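Observations on the three-dimensional arrangement
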Amino acid sequence: QVQLVESGGGLVQAGDSLRLSCAAPGLTFSGYSMGWFRQAPGKEREFVAHITSGGAYTSYSDSVKGRFTIARDNAKNTVYLQMNSLKAEDTAVYYCAANPRPFSTSSNPTNYNNWGQGTQVTVSL
């Protein structure tokens with residue numbers, strides 16, 4: 001297991017933006033596809049966004065499509081999640097995760113074998 005470290009969460013108002021970062025210093029980063037997931041209180045962990053190893057392909061859940069953007073910098077072993085037009089329903093703990101299949105497009109969390117500790121995002125009305 002390699003440690004992934006998320007940062008950038010916080011308390012914002014509806015309509016604001018946040019950028020989450022996830023560093024993976026011990027990972028052969030360019031060999032992994034990366035995903036962001038979130039979990040709200042009392043709910044199951046859900047897929048948010050995904051990016052393949054080279055960044056050529058991205059996918060998003062319907063709830064964030066058009067508002068969130070996932071990107072990666074393989075030179076910095078870091079994946080990002082730019083979140084715009086935040087809504088109260090985006091409130092959750094956000095996790096980044098690494099999938100050892102570099103071209104995978106999976107949104108299934110069981111296909112990801114390394115996870116960060118999570119960062120809290122709270123959006124107030």
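For the structure, see preceding data.
Note that this is a predicted model, so its numbers are computed, not measured.

Describing the overall build of the protein
When helices and strands are counted, the protein shows 0 helices and 11 strands. Ordered by position from N to C terminus, the α and β elements of the protein give β-β-β-β-β-β-β-β-β-β-β. On C-alpha atoms alone, the protein measures out to a radius of gyration of 13 Å, which is about the 14 Å that the 2.2 N^0.38 rule sets for 125 residues. Seen through its principal axes, the protein has C-alpha atoms that stretch 40 × 25 × 25 Å. Per-residue burial for the protein yields a buried fraction of 46% across its 125 residues. Carbon and sulfur atoms make up 48% of the accessible area of the protein, which amounts to about 6,100 Å² in all. Positive and negative side-chain charges of the protein, numbering 10 and 8 respectively, have mean locations separated by a distance of 5 Å.

As for the pairing of strand β7 (residues 68–73)
Along β7, the buried face is formed by Phe68, Ile70 and Arg72; none of Thr69, Ala71 and Asp73, which line the opposite face, is buried. Pairing of β7 with strand β8 (residues 78–83) involves 6 bridges; the strand directions are antiparallel. Within β8, the residue paired with Thr69 across the bridge is Gln82. Counted between consecutive antiparallel strands, the loop separating β7 from β8 contains 4 residues, among which Asn77 sits at a positive phi close to 50°.

Some words on the state of the cysteines
The final tally for this structure, using the stated rule, is 1 disulfide. The residue that forms a disulfide with Cys22 is Cys96, at a sulfur-sulfur distance of 1.9 Å. Disulfide Cys22 to Cys96: torsion about the S-S bond roughly 50°, handedness right-handed. With Cys22 in strand β3 (residues 18–23) and Cys96 in strand β9 (residues 92–99), this residue pair connects regions lying 74 residues apart in the sequence. For the pair Cys22 and Cys96, one class covers both residues: buried.

Brief notes about the sheet that holds β8
If you trace the 4 strands from one edge of the open sheet to the other, you get β1-β3-β8-β7, paired in antiparallel fashion. Because the sheet does not close on itself, it has two edges, and the strands there are β1 (5–7) and β7. Going from strand to strand, the sheet's axes swing by 15° on average, the running direction of each strand aside.

What to know about unusual backbone geometry
Even without being glycine, Asn77 reaches a positive phi, approximately 50°. With a phi close to 50°, Ser85 is a non-glycine residue in the positive phi region. Note on Ser85: relative accessible area 41%, which makes it partly exposed.

A short note on the pattern of salt bridges
Under the counting rule described, the total for this entry stands at 4 salt bridges. Measuring nitrogen to oxygen at the nearest pair gives 2.6 Å for the salt bridge that ties Arg38 to Glu46. By relative accessible area, which is 5% here, Arg38 ends up buried. Between Asp90 and Arg38 there is a salt bridge, and its shortest N-O distance comes to 2.9 Å. Of the two residues, Asp90 is situated in the loop between β8 and β9 and Arg38 in strand β4 (residues 33–39); the sequence distance between them amounts to 52 residues. Taking relative accessible area as the criterion, Asp90 reaches 0% and is therefore assigned buried. Put simply, Arg38, Glu46, Arg67 and Asp90 are held in one network by salt bridges that share partners.

Rules and cut-offs
- Residues numbered from 1 in each chain as written.
- Predicted model: local features only at pLDDT ≥ 70, side-chain atom pairs only at ≥ 80, totals over all residues.
- Heavy atoms only, no water.
- Helix = DSSP H or I, 4+ residues; strand = E, 2+ residues; numbered from the N terminus.
- Rg over C-alpha atoms; globule rule 2.2 N^0.38 Å.
- Buried < 20%, exposed > 50% of the residue type's maximum accessible area, 1.4 Å probe, protein only.
- Areas by Shrake-Rupley, 256 points an atom, 1.4 Å probe, with all protein chains shown as cover.
- Lys, Arg positive; Asp, Glu negative; His and termini not counted.
- Charge placed at Lys NZ, Arg CZ, Asp CG, Glu CD.
- Pairing = 2+ DSSP bridges.
- Disulfide = S-S within 2.5 Å.
- Axes fitted to C-alpha atoms, helices over the stretch in contact; angles between N-to-C directions.
- Salt bridge = Lys/Arg side-chain N within 4 Å of Asp/Glu carboxyl O.

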